[in-house]
Amino acid sequence: MGGEDDGSHPKWGNEDPEDKKARLEEMFLVPGEVVSRRRKKVSKEEVAQVKEEYISLNWDDVFPKKPKERLRWLYKALLAAKEGRVKTGPVFDIVAHRKFIEGLKGNVATDVLNLIRGHINIFSAKQQKQLTSDNFELFRKYAPLNVLDSDEDAADAPPLPPPPEVIIEAKDKKKKNLEEEKRKREERDREEEEAQLPSDEDMESKKRRILSKGIERRVDPADGQAYTLEEFVTEYGGRVDKPPVEWENSRHTAFIFKV
């Protein structure tokens, strides 16, 4: 019986390589241990997303940031705390620290306060009380004021209106928007200037006029005097959109005469 093959195992040397590999891994695998030899390929988009979603709660990372960057950090941190990705306690410790609000002014300070007020429910009752009292410098300076009648007690003051929504654009999106606005503005200015030029001029002549903001003159070697393109055309023929050879040959003598 020792030499007979009952069909439950393949003959020695005929085993499929993948089956053999799986069998050996199963033999030497420690119970409860899971081994994966495949590495998931991570795309650049996934790496960028991880970086964007990462929230540092290290004071040494947050406090040195510029005011606008602290505002951006707060937006991400509050969102992460709301979604349960970070704990609220460390976020509160940073926000309530004097170094976090140091240097915050104007719209940035107002946006920071509105973000805090807009996410006030993620904090504990004790934390909410501190963030909405005069003990919190940012609230004391930038919270909207309630107007009371002379006979009203401050304790009976109506609640503050809800804060406006604060929208924080991504850095690359903001930069692209600025570049797009600049490009459109330059294109619009160029079209307006071109519209004021004679329609029978070619694009090269239009560009030359726009860039020069003056009158281009070139020296005629026949007498050593400088003349405009129109004067060259009158003397040697050709057209404005097809200058004479003499004009082209005098390119090295060109200069702009400011009117």
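In what follows, the structure referred to is the one given above.
Summary of the structure given here. Small disclaimer: the values here were computed from a predicted structure and weren't measured. Residue indices follow the written sequence of each chain, beginning from 1 at its first position. Only residues with pLDDT of at least 70 are given local features in this predicted model, and only at 80 or more are side-chain atom pairs given and counted; all residues enter the totals for whole chains, interfaces and linings. Heavy atoms throughout the structure, all of them, feed into the side-chain values; hydrogens and water do not.

Stacked, edge-to-face and tilted labels apply to pairs of Phe, Tyr and Trp rings (six-membered ring for Trp) whose centres lie within 6.5 Å, assigned for plane angles under 30 degrees, over 60, and everything in between, in that order. Throughout the structure, instances matching the rule amount to six aromatic pairs. For the pair Tyr 227 and Phe 232, a centre-to-centre distance of 6.4 Å together with 75° between the ring planes defines the contact as edge-to-face. Note on classification: 1.4 Å probe, protein chains only; a residue is buried when its accessible area is under 20% of the maximum for its type, exposed when over 50%, partly exposed between these limits. Owing to a relative accessible area of 1%, Phe 232 belongs among the buried residues under this scheme. Chaining the aromatic ring pairs together yields one cluster made of Tyr 227, Phe 232, Tyr 236 and Trp 247.

Let's shift gears to the pattern of salt bridges. Between Lys or Arg on one side and Asp or Glu on the other, a salt bridge is scored when a side-chain nitrogen of the former is within 4 Å of a carboxyl oxygen of the latter. Scanning all chains against the criterion turns up six salt bridges. For Arg 218, the salt bridge identified is with Glu 216, shortest N-O distance 3.2 Å. Here Arg 218 and Glu 216 have matching classes, each one buried. Of the charged contacts, one joins Arg 239 and Asp 241 as a salt bridge, the two residues approaching to 2.9 Å between their closest N and O atoms. Here Arg 239 falls in the partly exposed class, since its relative accessible area comes to 47%.

Helix numbering and strand numbering both begin at the N terminus, where a helix is a DSSP run of H or I of at least 4 residues and a strand a DSSP run of E of at least 2. Along the chain, Pro 163 falls in the loop between α9 (137-142) and α10 (171-195). Separated by 19 residues in the primary sequence, Pro 163 and Pro 144 have C-alpha atoms spaced 9.3 Å apart. Not counting chain neighbours up to four residues away, the residues in contact with Pro 163 comprise Asn 114, Arg 117 and Gly 118. Whether two residues touch is decided by their heavy atoms; if any such pair falls within 4.5 Å, the residues are in contact.

A word on the nonpolar core. Definition used in this section: a nonpolar core is a set of buried Ala, Val, Leu, Ile, Met, Phe, Trp, Tyr and Cys residues joined via side-chain atoms within 4.5 Å. With 33 residues, the main nonpolar core has Leu 74, Phe 100, Val 112, Ile 116, Phe 136 and Leu 138 as its most contacted residues. Counting only elements with at least two residues in this core, the list comes to α4 (67-82), α5 (88-95), α6 (98-101), α7 (106-118) and α9. Element by element, the count of residues in this core is highest for α4, at seven residues. In this view, Leu 74 contacts Val 95, Phe 100, Val 112, Leu 115 and Ile 116; residues no more than four positions away in its chain are not counted.

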